[in-house]
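# Geometric and topological summary
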Amino acid sequence: MNRISLPTASPCIKEPSLSEIPQAIMWKTVSEQCNLACKYCYYSHCQGQLRGGVQRIAPDLLQKVIREMMSAARGNATFLWQGGEPLLAGLPFFEQVVSFQAQYARPHTLIHNAIQTNGTLITRRWAAFFKRYAFVVGVSLDGPQHIHDVQRITSSGAGTYSAVMKGVHTLRAEGVDPNILMVLHEDNIQRQEELFDWMDRESFRHVQFIPCMSFTSQQSTTDASYAISAEQYGQFLCRAFDWWYREGRPVSSIRMFEDWLQQMLGLESSSCIHASSCPRVLVLDHLGNAYPCDFFIQPSFKLGNASDQTLAELNQAAAWEFFRQAKSDLPLSCKQCKYVHYCRGGCPRNRPMSDSSAGIGCDYFCKSYRMLYAYAEDRIRLLAQQILSSKD
């Protein structure tokens, strides 16, 4: 599972009404199709086999959704492109995307595009395109080669590290600094020093850590389980904080810690996990089927279809109510916790699929977060104070 954060909204930009459009469109660009067969994928089941050709979003559907999004946007519009492997859609597809965005944008609209890729298909032409249109590019890398190549493999079982790093170097040659998306699993969670030394050697400055799931987004009603324990994740986060903090002079962007710092400064977390409410990010598959979250892609949570319904209609679907209520429906142990204003109860998907009012509905990683907050709260508060003092 990988995620790229939403841009933080400017207070001077008028946000669209909830009845008009979602906060962002997350599009499963080629459905589950991917050229890799990563052992832990939370979405794709194709195992790197592209049978029957690439299943791209139809041009008419692409145009309709972008037209509605851009026409209703006030100030900014955000599109998140995921897969499978979205680059399989081809460069002409994304050239059509930015053409439609420009065609239907209101004057002075800021257009945000973020794409999440395994990195193996990046060429100089792709990199130049991303640079020209200011795409945020997330590349999946799990560590140095002997770690990465265990889980992130081709259908024949071959490792992909060399191909991914070639893509990273191609991006950098065109002036694109990738956001590294690192899945934490049994093969790297205990090897913190190796990971941090490798990140320093490769000068990776934008990193997100993502716990490896043992379930898929299509299994919305099963209890959340992960390849690592809450204790392991908590230990990792504490050590990662030391690496990031650097005696109060961070040089890297670690999303979780920067989100925490934003909260200390009185701002909202950019991560949905630790935000006060679930964002209205509309998830679409290549056929236009719409869902409220990429952890809940199954028929019982379907909002409708963008081919025959407007974004405004999908944005008012009753299924959204579940997410607004679930995020704030905390068990007593959460409500009494002194750190709840940081974690906000975590992710509803990480709670047991049972009645949270019974006091058993804590996020799987509750202990991890409490370990981090207890370990680093004084330092993150000091950093926030330094930032505020510098503005005086």
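For the structure, check the block above.
Quick summary incoming for the structure in this document. (Residues numbered from 1 in each chain as written. Predicted model: local features only at pLDDT ≥ 70, side-chain atom pairs only at ≥ 80, totals over all residues. Heavy atoms only, no water.)

## Comments concerning the pattern of salt bridges
- As enumerated under the stated definition, the model contains ten salt bridges in all.
- Of the charged contacts, one joins Glu193 and Arg239 as a salt bridge, the two residues approaching to 2.6 Å between their closest N and O atoms. Residue Glu193 is found in helix α6 (residues 192-201), and its partner Arg239 is found in helix α7 (residues 230-245); the two are separated by 46 residues along the sequence.
- Looking at Glu193, the relative accessible area reads 38%, which means it is partly exposed.
- Under the relative-accessibility criterion, Arg239 is labelled partly exposed at 25%.
- It is possible to trace a salt-bridge network through shared partners that takes in Glu377, Asp378 and Arg381. (Salt bridge = Lys/Arg side-chain N within 4 Å of Asp/Glu carboxyl O. Helix = DSSP H or I, 4+ residues; strand = E, 2+ residues; numbered from the N terminus. Buried < 20%, exposed > 50% of the residue type's maximum accessible area, 1.4 Å probe, protein only.)

## Structural notes on the nonpolar core
- Ranked by size, the top nonpolar core spans 99 residues in total, and within it Trp81, Phe94, Phe130 and Phe209 carry the most contacts.
- Ranked by residues supplied to this core, first place goes to α7 with nine residues.
- If you look at the next biggest cluster of nonpolar residues, it comprises eight residues, including Leu80, Val281, Val283 and Ile297. (Core = buried A, V, L, I, M, F, W, Y, C linked by side-chain atoms within 4.5 Å.)

## Section: the packing of aromatic side chains
- Within the structure shown, the criterion is met by 33 aromatic pairs.
- Centroid distance Phe79 to Trp81: 6.1 Å. Interplanar angle 10°. Geometry classified as stacked. Here Phe79 matches Trp81 in class, with each residue buried.
- Judged by centre distance (5.0 Å) and plane angle (50°), the ring pair of Phe129 and Tyr133 falls under tilted.
- Grouping aromatic residues by their ring pairs yields a cluster made of Trp27, Phe79, Trp81, Phe93, Phe94, Trp126, Phe129, Phe130, Tyr133 and Phe135.
- The lysine or arginine in question, Arg379, covers the ring of Tyr245, its NZ or CZ lying 5.5 Å from the ring centre. (Phe/Tyr/Trp six-rings, centres within 6.5 Å; stacked < 30°, edge-to-face > 60°. Lys NZ or Arg CZ within 6 Å of the ring centre and 35° of its normal.)

## Some details on the side chain of Ser270
- By secondary structure assignment, the location of Ser270 is in the loop between α8 (255-264) and β8 (281-284).
- Take Ser270: its relative accessible area is 18%, and that puts it in the buried class.

## So, the pairing of β8
- Residues Val281 and Val283 line one face of β8 and the alternating positions Leu282 and Leu284 line the opposite face, and both faces are buried.
- Two strands pair when backbone bridges link them, and strand β1 (residues 24-28) and β8 are joined in this way by four bridges, in the parallel orientation. For Met26, the partnering residue across the bridge sits in β8 and is Val283.
- Of the pairings in the sheet, the one linking β8 to strand β9 (residues 289-291) comprises two bridges and is antiparallel in character. (Pairing = 2+ DSSP bridges.)

## Comments concerning the side chain of Lys28
- Within the secondary structure layout, Lys28 lies in strand β1.
- Despite its burial, Lys28 pairs with no opposite charge; the closest candidate is Asp294, at 4.1 Å N-O.
- A distance of 3.1 Å separates a polar atom in the side chain of Lys28 from a polar atom in the side chain of Gln82. (Lys, Arg positive; Asp, Glu negative; His and termini not counted. Polar contact = N/O pair within 3.5 Å; in protein donor to acceptor, adjacent residues only side chain to side chain.)

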